[in-house]
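Residue-level structure breakdown
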Amino acid sequence: MKISPNRLAFPLRLSLLCVLLATMGLVSWPALGQEAKVKPALMLAKVYHPGVALKDYWVSEKYDGVRGFWDGEKLWTRGGEVVAAPAWFTAGWPKIPMDGELWAGRGQFSKAVSTVRQQIPGSATEAAWRDMRFMVFDLPTQPGFFTDRIQPLNTLVAQINQPWVVAVVQYRLDDHAALQLQL
């Protein structure tokens, strides 16, 4: 059976439209249907190499955990799966989308992955979530450039006022030597 290119293009266009609408905040990720397993369109870090004009960029620690995206209603992985976090973990979070990392601490990557992948609530899962942090590094639907979103992000995280929700510190460095000193 031969499938025409147009039959393949429609689902792709529909998926791209859904991602665009969700990214713009016009629909929420859950409204797109959990079964669709739509992957959030998230900003990805780039690998640094000497020669980059560092003073034009913001620098932050890279947390080794599981990418988490709060769409204003639910927490999602980068792969488009709903995270079954305990209700207390996201209670009081704003309707504003937040992008970050679900992190269990330095050297605890496997613990972070295991905790996030747990889909059945229970006392063991509850205890593991007590050690988790949501390290927020962007408000993707806020207007402006990344630089313009840093202060609103810090303000929002302060208003959430939960010790497991942390604004990632962003800073600037002048050059390669300053970066090496910082590392």
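Scope of this entry: the structure provided in the associated data block. In this text the structure is predicted, and so the values were computed from the model without any measurement. (Residues numbered from 1 in each chain as written. Predicted model: local features only at pLDDT ≥ 70, side-chain atom pairs only at ≥ 80, totals over all residues. Heavy atoms only, no water.)

1. Here's the deal with the sheet that holds strand β1 (residues 66–70)
Strands belonging to one sheet form pairs held by backbone hydrogen bonds; the direction of such a pair is parallel or antiparallel. Within the open sheet, the five strands sit side by side as β2-β1-β3-β4-β5. Their pairing is mixed. The outermost strands of the open sheet, each flanked by one partner alone, are β2 (75–77) and β5 (165–167). Pairwise comparison of adjacent strand axes, ignoring direction, gives a mean angle of 35° for this sheet. The sheet contact formed by strand β3 (residues 98–103) and strand β4 (residues 133–138) spans five bridges and is antiparallel. Within β4, the residue paired with Leu 102 across the bridge is Phe 134. (Pairing = 2+ DSSP bridges. Helix = DSSP H or I, 4+ residues; strand = E, 2+ residues; numbered from the N terminus. Axes fitted to C-alpha atoms, helices over the stretch in contact; angles between N-to-C directions.)

2. Structural notes on the pattern of salt bridges
Under the criterion given, the structure shown has five salt bridges. A salt bridge links Lys 111 to Asp 131; its shortest N-O distance comes to 2.6 Å. Of the two residues, Lys 111 is situated in helix α3 (residues 109–117) and Asp 131 in the loop between α4 (123–130) and β4; the sequence distance between them amounts to 20 residues. The class for Lys 111 is partly exposed, based on a relative accessible area of 28%. The exposure class of Asp 131 is partly exposed, given its relative accessible area of 37%. (Salt bridge = Lys/Arg side-chain N within 4 Å of Asp/Glu carboxyl O. Buried < 20%, exposed > 50% of the residue type's maximum accessible area, 1.4 Å probe, protein only.)

3. Description of α3
Those residues of α3 that fall on the buried side of the exposure criterion are Ala 112, Thr 115 and Val 116. The buried residues of α3 occupy one face: seen down the axis, they fall within an arc of 95°. (Arc of directions from axis to C-beta.)

4. What to know about the packing of aromatic side chains
Considering all chains together, one arrives at eight aromatic pairs under this definition. Seen in terms of ring centroids, Trp 88 and Trp 164 are 5.1 Å apart; in terms of plane orientation they differ by 90°. Their pairing is edge-to-face. Of this pair, Trp 88 sits in helix α2 (residues 87–90) while Trp 164 sits in the loop between α5 (146–160) and β5, placing them 76 residues apart in sequence. The class of Trp 164 is buried, set by a relative accessible area of 18%. On the numbers, 5.6 Å between centres and 55° between planes, the contact of Phe 89 with Trp 93 is tilted. Trp 93 gets classed as buried once you look at its relative accessible area, which sits at 8%. Taken together, the aromatic side chains of Trp 70, Trp 88, Phe 89, Trp 93, Trp 129, Phe 134 and Trp 164 make up a single cluster linked through ring pairs. Just above the ring of Trp 88 sits the side chain of Arg 130; from NZ or CZ to the centre is 4.0 Å. (Phe/Tyr/Trp six-rings, centres within 6.5 Å; stacked < 30°, edge-to-face > 60°. Lys NZ or Arg CZ within 6 Å of the ring centre and 35° of its normal.)

5. Here we look at unusual backbone geometry
Backbone geometry places Asn 161, a non-glycine residue, at a positive phi of 55°. Relative to the helices and strands, Asn 161 is located in the loop between α5 and β5. Its relative accessible area of 65% is what places Asn 161 among the exposed residues.

6. A word on the nonpolar core
One recurring pattern in soluble globular proteins: nonpolar side chains tend to sit buried together. Core analysis: the biggest nonpolar cluster contains 23 residues, and Leu 75, Phe 89, Trp 93, Met 98, Leu 102, Met 132 and Phe 134 have the highest contact counts within it. Contributions of two or more residues to this core are made by β1, β3, α3, β4, α5 and β5. The element that contributes the greatest number of residues to this core is α5, accounting for four residues. Beyond its immediate chain neighbours, meaning those up to four positions away, Trp 93 contacts Trp 70, Leu 75, Met 98, Phe 134, Ile 160, Gln 162, Trp 164 and Val 165. (Core = buried A, V, L, I, M, F, W, Y, C linked by side-chain atoms within 4.5 Å. Contact = heavy atoms within 4.5 Å.)

7. Structural notes on α5
For α5, spanning 15 residues, the distance from its first C-alpha to its last is 21 Å, which sits close to the expected 21 Å at 1.5 Å a residue. Of all the positions in α5, only Phe 146, Arg 149, Ile 150, Leu 153, Leu 156, Val 157 and Ile 160 are classed as buried. Elements that come into contact with the buried residues of α5 comprise β3, β4 and β5. (Expected span 1.5 Å × (residues − 1).)

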